[in-house]
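Each chain, letter by letter, is given below.
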Amino acid sequence: GGGDEETLDIKEFATLMSVFSIRATREQKLRYAFKIYDCDGDGKIGKEDLQQTLEVITSNKMEPEFMLLCVNQVFTEADSDQDGYIEFDDFAKVVMNTDIEGKLTFDF
């Protein structure tokens, strides 16, 4: 039937859980996080991708002006070649400077 996209199958769930386990490598966590931000799946994060993700994360409670400020700030820091996209390497560099591992690790 239709609308199956919303369900997470057991394989995806297992993958998701393994990504957040302590045993997952930093690379695996980064790749997964990157996929979450890359909304249109084109292998790079555009400003629209980042905005969509922020809207979801903040449940649309962020002021549009503030959102734009955040998005532009991220791109200023992350978009090394200034092509308007954050590639995986850029993403990894920025995230390496923050404690994504602390944020993306659950002990189970």
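Residues numbered from 1 in each chain as written. Predicted model: local features only at pLDDT ≥ 70, side-chain atom pairs only at ≥ 80, totals over all residues. Heavy atoms only, no water.

## Side note on the overall build of the protein chain
This is how the line gets drawn: Segments assigned H or I by DSSP are reported as helices when at least four residues long, segments assigned E as strands when at least two residues long, and all are numbered from the N terminus. In this analysis, two residues are considered to be in contact whenever any of their non-hydrogen atoms come within 4.5 Å of each other. Only the protein chains shown count as cover for residues, with accessible areas throughout obtained via the Shrake-Rupley method and a probe of 1.4 Å.
Within the protein chain, the regular secondary structure consists of six helices and two strands. Listing each helix as α and each strand as β along the protein chain from the N terminus yields α-α-β-α-α-β-α-α. In the protein chain, once contacts between residues fewer than 6 apart in sequence are set aside, the share between residues at least 24 apart is 52%. Per element, the accessible surface of the protein chain, about 7600 Å² overall, is 56% carbon and sulfur.

## Concerning helix 2 (residues 26-37)
The following threshold applies: In this analysis, the expected span of each helix is defined as 1.5 Å times one less than the number of residues it contains. Working definition: with a 1.4 Å probe on protein chains only, accessible area under 20% of the residue-type maximum means buried, over 50% means exposed, and in between means partly exposed. Think of it as the arc spanned by the lines of direction from the helix axis to the C-beta atoms.
Given a rise of 1.5 Å per residue, twelve residues ought to cover 16 Å, and the 17 Å separating the end C-alpha atoms of helix 2 matches this to within 8%. All of the buried residues along helix 2 are K29, L30, A33 and F34. Mapping the buried residues of helix 2 onto a view down its axis gives an arc of 135°, with all of them on the same face.

## A look at the packing of aromatic side chains
Definition in use: Only Phe, Tyr and Trp rings are paired, with Trp represented by its six-membered ring, and only when their centres lie within 6.5 Å; those with planes under 30 degrees apart are stacked, over 60 edge-to-face, the remainder tilted. Consider the ring centre and the ring normal. A charge sits over the ring if Lys NZ or Arg CZ is within 6 Å of that centre and within 35 degrees of that normal.
Scanning all chains against the criterion turns up three aromatic pairs. Here F34 and F91 contribute two aromatic rings whose centre-to-centre distance is 5.3 Å and whose plane-to-plane angle is 65°, an arrangement assigned as edge-to-face. In this pair, F34 sits in helix 2 while F91 sits in helix 5 (residues 88-96), placing the two residues 57 residues apart along the sequence. Looking at F91, the relative accessible area reads 8%, which means it is buried. Judged by centre distance (5.9 Å) and plane angle (55°), the rings of Y37 and F91 are tilted. Taken as a pair, Y37 in helix 2 and F91 in helix 5 lie far apart in primary sequence, 54 residues in all. Grouping aromatic residues by their ring pairs yields a cluster made of F34, Y37, F88 and F91. R31 extends its terminal NZ or CZ atom over the ring of F88, reaching a point 3.7 Å from the ring centre. Lying across the ring of Y85, K44 places its NZ or CZ 4.4 Å from the centre.

## Considerations on the side chain of D38
The criterion, for reference: Here Asp and Glu are counted as negative and Lys and Arg as positive; His is not counted, and neither are the chain ends. A pair is scored as a salt bridge if a Lys or Arg side-chain nitrogen falls within 4 Å of a carboxyl oxygen belonging to Asp or Glu.
Turning to its location among the elements, D38 is positioned in the loop between helix 2 and strand 1 (45-46). In this structure, D38 is buried with no salt-bridge partner, the nearest side chain bearing the opposite charge being K44 at 8.7 Å. With residues up to four places along the chain from it excluded, the contact list for D38 reads G43, K44, I45 and D49.

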